[in-house]
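Residue-level structure breakdown
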Amino acid sequence: MAKRKKTIIAGRIRKTVLYTAPEPLDGPRTRAEKSRMTTAAQKIMNDKSARNRLEMLLACNFSGRDLFITLTYRDADLPAKRAEAVRLCREFIAKLRTARKKRGQRLKYIYTTEEKHGEARLHHHLMISSTEHDIEEIRSLWPYGDVVDVEYVAAREYDVWAAYMTKEGVQGRPVGAQLWTASKGMDKPVVISEYVPNDTALAVPAGCHVIEREEKVTEFGSYCYIKYKVPADYHDQAPADQQGGRLVSCL
């Protein structure tokens, strides 16, 4: 007998699920119960919502002292239409990219344009890779607003940033329109899927922070899901359950 284990690695974020899968010799009732476990486990790991996809993309590409910035407009420079605001934001990114390129530095970014909440004024949220020149350079390259808010990525968890950047949803956008725009060549999550012995227990390495945990156990099988964050200096080696990791849930 064996269990199915699936792990998604996105920067410092790990999502792992371990569940009992149906086997050829299972009877109808056992197969039905195991199928329910499989469905529940897959639903967690296959979440394709905009918020979840953005969370994992942010986790893959930004960390620590990378920056989350908000670009606003003063009344005299407030664009009349969203398309004009997007153009100005793209011009800002192009100027920032050029400045970085001259110093041999890469610019990674993800941005959104919003206008539906608060005072319903057009503004932009960007997450960008940081350098030692950022704050003053950003202010000098954005002449359209009096306020440029700047926060370090480490100030919040990735799911919080993702929720904040997707809060206006898809209403009013063209069918299939993306909620955000990202630079080219962004890192993508790594997915590992494998069968493991039936007595495998799901665990996380010592020092990791558990963000979410869900489990269910019946006489026919089980599923266990953990989402956790590894330390900044963590280096992947063997799977967590082979590293003497802390036991978190199902046996």
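Up top is the structure these notes are about.
Below is a short write-up of the structure. (Residues numbered from 1 in each chain as written. Predicted model: local features only at pLDDT ≥ 70, side-chain atom pairs only at ≥ 80, totals over all residues. Heavy atoms only, no water.)

Here the focus is the nonpolar core. With 22 residues, the main nonpolar core has Ile69, Phe92, Ile93, Leu126, Ile128 and Trp142 as its most contacted residues. Of all the elements in the fold, those that place two or more residues in this core are strand S3 (67-71), helix H3 (82-102), strand S4 (109-114), strand S5 (123-128) and helix H4 (134-141). Broken down by element, the residue count for this core peaks at seven residues, all from H3. Setting aside residues up to four positions removed in sequence, Ile93 forms contacts with Leu107, Tyr109, Tyr111 and Leu126. Ranked by size, the runner-up nonpolar core spans 21 residues in total, among them Ile13, Met56, Phe62 and Trp180. (Core = buried A, V, L, I, M, F, W, Y, C linked by side-chain atoms within 4.5 Å. Buried < 20%, exposed > 50% of the residue type's maximum accessible area, 1.4 Å probe, protein only. Helix = DSSP H or I, 4+ residues; strand = E, 2+ residues; numbered from the N terminus. Contact = heavy atoms within 4.5 Å.)

Further remarks concern H4. Taken together, the buried positions of H4 are Asp134, Glu137, Ile138 and Leu141. Angularly, the buried residues of H4 cover 100° about the axis, an arc narrow enough to put them on a single face. For H4, the exposed residues set more than 90 degrees away from the buried face come down to Glu136 and Ser140. Buried-residue contacts for H4 involve S3, H3, S5 and strand S6 (148-152). (Arc of directions from axis to C-beta.)

The strands that make up a sheet pair up through hydrogen bonds in the backbone, lying either parallel or antiparallel. Taken together, the five strands give an open sheet; going across it, the order is S6-S3-S5-S4-S7, and neighbouring strands pair in antiparallel fashion. The open sheet has two edge strands with one neighbour each: S6 and strand S7 (181-182). The pairing of S3 with S5 spans five bridges and is antiparallel. Residue pairing across strands places Thr70 opposite His125, the latter belonging to S5. (Pairing = 2+ DSSP bridges.)

The full count for this structure, using the stated rule, is seven aromatic pairs. On the basis of an interplanar angle of 65° and a centroid distance of 5.9 Å, the ring pair of Phe68 and Tyr164 is categorised as edge-to-face. Of this pair, Phe68 sits in strand S3 while Tyr164 is found in helix H5 (residues 158-165), placing the two residues 96 residues apart along the sequence. By relative accessible area, Phe68 is classed as buried at 2%. Since its relative accessible area comes to 29%, Tyr164 is described here as partly exposed. An aromatic cluster of three or more residues is present, and its members are Tyr73, Phe92, Trp142 and Tyr144. The lysine or arginine in question, Arg156, covers the ring of Tyr164, its NZ or CZ lying 5.6 Å from the ring centre. Here the basic side chain of Lys167 rests over the ring of Tyr164, its NZ or CZ set 3.5 Å away from the ring centre. (Phe/Tyr/Trp six-rings, centres within 6.5 Å; stacked < 30°, edge-to-face > 60°. Lys NZ or Arg CZ within 6 Å of the ring centre and 35° of its normal.)

Relative placement of two packed helices is described by the angle separating their axes and the distance separating the axes. Between helix H2 (residues 50-61) and H5, the shortest axis-to-axis distance is 8 Å and the interhelical angle comes to 130°. The angle between the axes of H2 and H5 places the two elements in the oblique class. In the packing of H2 onto H5, the handedness of the crossing is right-handed. Where H2 abuts H5, its residues Arg51, Leu54, Glu55, Leu58 and Ala59 lie against Tyr158, Asp159, Trp161, Ala162, Ala163 and Met165. The residue makeup of the contact of H2 with H5, split by class, is eight nonpolar, no polar and three charged. (Axes fitted to C-alpha atoms, helices over the stretch in contact; angles between N-to-C directions. Parallel < 35°, antiparallel > 145°, perpendicular 65-115°, else oblique. Left-handed = near helix turned anticlockwise from the far one by under 90°. Nonpolar A, V, L, I, M, F, W, Y, C, P; charged D, E, K, R; others polar.)

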